[in-house]
Amino acid sequence: MSATSTDELLERVRCGGLLEAGQKVVVCLSGGRDSVCLLDIAVELCGSDNVAALHVNYGLRDEAHGDEQLCRQLCRRLGIELNVENASAPREGNVQAWARDVRYGLGAQLASGAGAQLAAGHTASDQVETVLYRLAASPGRRSLIGMPDQRGILIRPLLRARFTREETADWCRARGLQWREDASNETAKYARGRIRGQVLPALRSVHPATDQNILQSAEILRDEAEVLELVVDTALAGKSKISTEHLAALPPALARLVVRRLAEEATGSLCPQAAARIDELIALGASGSGSAALDVGGGARAIITKGSLHFELSPQRTARRPVEG
């Protein structure tokens, strides 16, 4: 890659506005090409005094020690502080989801304490795979909008700049930066590996602009989602409850959005199941009974009192607000 091309890549991130001179940022550093590229760019744009890194050693792979050592060497080279945390994986459950929660949880604590943003190295390539995975795994508009490039303290500068996985590798080569490859990303053991190795090649054979079309669709839907949120705000008029009679009079799509909003505000986490119970909720409100309750999934309990619907946490559930949406 020429110096000019490297400058062009840097300028794309600068124009994205998520990394600026003097800005404090904590970078999630795995040792892979994307996070190595992001860390180097963060130092270039923000200054080494304002950048720190977080590496979580999960001990899940034989190469984990080598990953940590590379991160230490890189941070020494760039002159920045590295925070290393060790974590033990649970014996059951979704290990990848657990690792993500641990990483973002630790990162949020570190960034908040330093008055910094938390930066993750997701790229446009990751976005394409995420949209396809969510579309296959769950219904609804949210499956198609992908990851936001900014939410709260979490930022994804490479995603906003539409870096591809190939471009992060080009950056690292041009800058003489080493990275570690996680072989599990390329196997069919995990869903993302199957999407990367099987689904995307098949779709690209159908149309060469597959990746660009998926990215553009996700961006359009995110913009439209902002409009829908304003419509929901209007329907609720600042209240945390709604009459089931009013709910029944709304267009079905808007009624579903209203129910989901109320459920998620009560639980503090995503609750897509709630919208599917809308007919039951309206029927309960029309039954004339003084009070009724219905667990709608996702830790949400619908309470209907004299035809007025609101949501509470189901017993024995604790509200949780995820860092990543």
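Q: Go over unusual backbone geometry with me, naming the residues and quoting the values.
A: The residue arginine 162 is not glycine, and still its phi comes out positive at about 60°. By the secondary structure assignment, arginine 162 is in the loop between helix 7 (157–160) and helix 8 (165–175). The partly exposed category is assigned to arginine 162, whose relative accessible area is 31%. Backbone geometry places alanine 237, a non-glycine residue, at a positive phi of 50°. Examined against the element boundaries, alanine 237 turns out to sit in the loop between helix 10 (210–236) and strand 7 (242–243). Taking the relative accessible area as the measure of exposure, alanine 237 reaches 57% and is therefore exposed.

Q: Give a detailed account of helix 13 (residues 278–286), specifying residues and quantitative values.
A: Buried residues of helix 13: Ile278, Leu281 and Gly285, and no others. Projected down its long axis, helix 13 shows its buried positions confined to an angular sector of 60°, all on one face. Exposed and facing more than 90 degrees away from the buried side of helix 13 are Asp279 and Ala286. Buried residues belonging to helix 13 abut helix 11 (244–249), helix 12 (252–267), strand 8 (291–297), strand 9 (300–305) and strand 10 (308–313). One or two steps after helix 13, the chain reaches glycine 288, where phi turns positive at roughly 85°.

Q: Report on the nonpolar core, specifying residues and quantitative values.
A: Ranked by size, the top nonpolar core spans 34 residues in total, and within it Leu19, Val25, Leu29, Leu39, Ile41 and Val51 carry the most contacts. For this core, the secondary structure elements donating two or more residues are helix 1 (3–16), strand 1 (25–28), helix 2 (33–46), strand 2 (51–57), helix 3 (64–78) and helix 8. Element by element, the count of residues in this core is highest for helix 2, at nine residues. With 24 residues, the next largest nonpolar core counts Leu236, Val258, Leu281 and Val296 among its residues.

Q: Can you break down the packing of helix 5 (residues 124–137) against helix 9 (residues 191–206) residue by residue, with the values?
A: Where helix 5 contacts helix 9, the axes come no closer than 10 Å and their chain directions differ by 95°. What the angle tells us is that helix 5 and helix 9 run roughly perpendicular. The residues of helix 9 that touch helix 5, namely those facing Asp126, Val128, Glu129, Thr130, Leu132 and Tyr133, are Ala191, Arg192, Ile195, Arg196, Val199, Leu200 and Leu203. Taken together, the residues that form the contact of helix 5 with helix 9 break down as eight nonpolar, one polar and four charged.

Reading guide: rules and limits
Just so you know, the residues in each chain are numbered from 1, in the order the chain's sequence is written. Totals for whole chains, interfaces and linings use all residues, but because this is a predicted model, local features are given only for residues with pLDDT of at least 70 and pairs of side-chain atoms are given and counted only at 80 or more. Hydrogens and water are ignored here; the side-chain numbers use all heavy atoms of the structure. Secondary structure elements are taken from DSSP: a helix is a run of H or I of four residues or more, a strand is a run of E of two residues or more, and numbering for both begins at the N terminus. Exposed residues in this analysis have more than 50% of their type's maximum accessible area, buried residues have under 20%, and partly exposed residues fall in between, with area computed by a 1.4 Å probe over protein chains only. Within this analysis, the arc is defined by the directions that extend from the helix axis to the C-beta atoms. Note on contacts: a residue pair is in contact if any heavy atoms of the two residues lie within 4.5 Å. For our purposes a nonpolar core is just a set of buried Ala, Val, Leu, Ile, Met, Phe, Trp, Tyr and Cys residues, chained together by side-chain atoms within 4.5 Å. Orientation is described by lines fitted to C-alpha atoms, with helices fitted over the stretch in contact, and by angles between N-to-C directions that extend from 0 to 180 degrees. Working rule for angles: under 35 degrees goes down as roughly parallel, over 145 as roughly antiparallel, 65 to 115 as roughly perpendicular, anything else as oblique. Any residue outside Ala, Val, Leu, Ile, Met, Phe, Trp, Tyr, Cys, Pro, Asp, Glu, Lys and Arg is labelled polar, Gly included; the first ten of those are nonpolar and the last four are charged.

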